[in-house]
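Examination of the molecular architecture
Now for the letters of each chain:
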Amino acid sequence: MRSGARAAQEAARKAPALLGKVLSAVLVLIAAASVTFFAQLLIPGDRATTILNLQTGRSQKWSAAELAPVNEKFGFDHPVLVQWLHYVGGLFQGDLGTSFTQYRPVTQVIGDQLLPSLVLTLSALVVAWLLALTITLLTVKRGRFVSGLGSSWEAVTASLPPYWVGVVLLVLFAVKWPIFPVIGGTDLWGTVLPVLTLAIPLAGFLGQVTRDEFEKVLDQPFVTTARTRGMSDTGVRLRHALRHSVLPAITLSGWALGALISGAVIAENIYGRPGIGQVLVTAVNTRDVPTVSGIVLVVAAVYVVANLLVDLAFRLVDPRLAVSKGGQR
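The paragraphs below set out a description of the structure included in this document. Computed from a prediction, not measured in an experiment: that's the story for all the values here. (Residues numbered from 1 in each chain as written. Predicted model: local features only at pLDDT ≥ 70, side-chain atom pairs only at ≥ 80, totals over all residues. Heavy atoms only, no water.)

Of regular secondary structure, the protein chain possesses 14 helices and zero strands. Across the 329 residues in the protein chain, those meeting the buried criterion constitute 40%. Once local pairs closer than 6 in sequence are excluded, the contacts in the protein chain between residues at least 24 apart make up 71%. (Helix = DSSP H or I, 4+ residues; strand = E, 2+ residues; numbered from the N terminus. Buried < 20%, exposed > 50% of the residue type's maximum accessible area, 1.4 Å probe, protein only. Contact = heavy atoms within 4.5 Å.)

Let us now look at the packing of helix α8 (residues 188-218) against helix α11 (residues 247-270). Where α8 meets α11, the closest approach of the two axes is 10 Å, and the angle between their N-to-C directions is 160 degrees. It follows that α8 is roughly antiparallel to α11 by the angle criterion. Handedness of the α8/α11 crossing: right-handed. Across the interface between the two elements, Pro194, Leu198, Leu202, Phe205, Leu206, Val209, Thr210 and Glu213 of α8 pack against Pro248, Ala249, Leu252, Trp255, Ala256, Leu260, Gly263, Ala264 and Ala267 of α11. Here the residues of the contact of α8 with α11 are counted per class, giving 14 nonpolar, two polar and one charged. (Axes fitted to C-alpha atoms, helices over the stretch in contact; angles between N-to-C directions. Parallel < 35°, antiparallel > 145°, perpendicular 65-115°, else oblique. Left-handed = near helix turned anticlockwise from the far one by under 90°. Nonpolar A, V, L, I, M, F, W, Y, C, P; charged D, E, K, R; others polar.)

Enumeration over the complete set of coordinates arrives at seven aromatic pairs. Taking 5.0 Å as the distance between ring centres and 80 degrees as the angle between the ring planes, the aromatic pair formed by Phe37 and Phe38 counts as edge-to-face. On the basis of relative accessibility, which here comes to 3%, the residue Phe37 falls in the buried class. By relative accessible area, Phe38 is classed as partly exposed at 38%. Each ring, one from Phe76 and one from Phe100, has its centre 6.4 Å from the other, and the planes form 85 degrees; the classification is edge-to-face. With Phe76 in the loop between α3 (64-74) and α4 (80-91) and Phe100 in the loop between α4 and α5 (106-139), the pair connects residues that are 24 residues apart, well separated along the chain. Judged by relative accessible area, which is 3%, Phe100 ranks as buried. Each member of the aromatic cluster is reached from another via a ring pair, and the members are Phe37, Phe38 and Tyr87. (Phe/Tyr/Trp six-rings, centres within 6.5 Å; stacked < 30°, edge-to-face > 60°.)

Inspection of the secondary structure puts Lys21 in helix α1 (residues 2-42). Lys21 sits 287 residues away from Leu308 along the chain, and the two C-alpha atoms are 7.7 Å apart.

Here we come to the pattern of salt bridges. Here the structure, examined in full by the defined rule, presents two salt bridges. Of the charged contacts in the structure, one is a salt bridge between Arg211 and Glu154, with a shortest N-O distance of 2.7 Å. Residue Arg211 is located in helix α8, and its partner Glu154 is located in helix α6 (residues 144-158); the two are separated by 57 residues in the primary sequence. Assigned by exposure class, Arg211 and Glu154 land together as buried. (Salt bridge = Lys/Arg side-chain N within 4 Å of Asp/Glu carboxyl O.)

Most peptide bonds are trans, and most residues other than glycine sit at a negative phi. Backbone geometry at Tyr103 places phi at a positive 55 degrees, although glycine is not the residue there. When its relative accessible area of 39% is taken as the criterion, Tyr103 is described as partly exposed.

A word on a nonpolar patch on the surface. On the surface, a nonpolar cluster with roughly 330 Å² of combined accessible area is contributed by Tyr163, Val167, Val171 and Ile266. The biggest single contributor to the nonpolar patch is helix α7 (residues 162-176), with three residues. Mapped onto the elements of the fold, Val171 is located in helix α7. (Patch = residues over 30% accessible without salt bridge, like charges linked within 9 Å, V, L, I, M, F, W, Y side chains within 5 Å. Areas by Shrake-Rupley, 256 points an atom, 1.4 Å probe, with all protein chains shown as cover.)

Turning our attention to α4. Three- or four-residue spacings in an α-helix give side chains the same orientation, since the helix completes a turn every 3.6 residues. Helix length check: α4, at 12 residues, gives a terminal C-alpha distance of 17 Å against a target of 16 Å (1.5 Å per residue), a fit within 8%. Here α4 has its buried residues at Gln83, Tyr87, Val88, Gly90 and Leu91. Along the axis of α4, the buried residues cluster in a sector spanning 160 degrees; they form a single face. Opposite the buried face of α4, at more than 90 degrees from it, the exposed residues are Leu81 and His86. (Expected span 1.5 Å × (residues − 1). Arc of directions from axis to C-beta.)

Just distances and angles here, no functional claims.
Structure follows, in structure tokens:
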């Protein structure tokens, strides 16, 4: 009985915090949708004229009678406030509008290419973490020379633009030494270079943050106590130091996941991969505003979901954080 009552009290205590996070996520999505909607209105030119020009392939002026069916079809003849409410309301129904060039729902246009981008993004995040943790474990406090090599590697890679990394990897390992395909496909082998293009700069950034915390943790008294009890250096690093030192980098992973979605545009265009990057470039070139806005909202949604997952990861890595965030018991 006591355990059941305690669990109910714990759930009731956490409910407001959880509700606040969900409400905050909804507000962020509404704000992102609003920004993208009003950005469409700021683009020079009449939207109906733009659509007709895209359909006919020529730029000209159209009469009011010719523009009327387009305005009615896309709702441009309604007041701006009504258009905004319809746009935001459609967001929560999975309706992001209709593509100006493909004449089908934006959700379908993006959905057809979203999976390759998510696979690329998540793979890059995992590889970045593996690289960062490996370099940290092997170099921190291993002597001045080895530690210097590790910190230098992190500083250099963190400052590299993904576009430059992609071009270098493509020239070296696909052109000069044809190990990987020049045009990356969706198979495992064709994904290696695009993943490294995104993972290497991020690994340097995560490694810098993890290294600073790792060095501090290794100097803590509880680490010294673990060593005096006979625990090996590897055991101390893996069981004690690592868990505490990755927390700041986990915080940055939410931001990193959203940034990787944005960076996927670069990698997909360098390696000719399918994904929302190709869709975005095409939409920008053809002034397909609903598709561009839809991709912006997808990236915003990824940021929101990633931050929620980061909070969950915090609680899994160190459950005491759930107590500190929820208040004192």
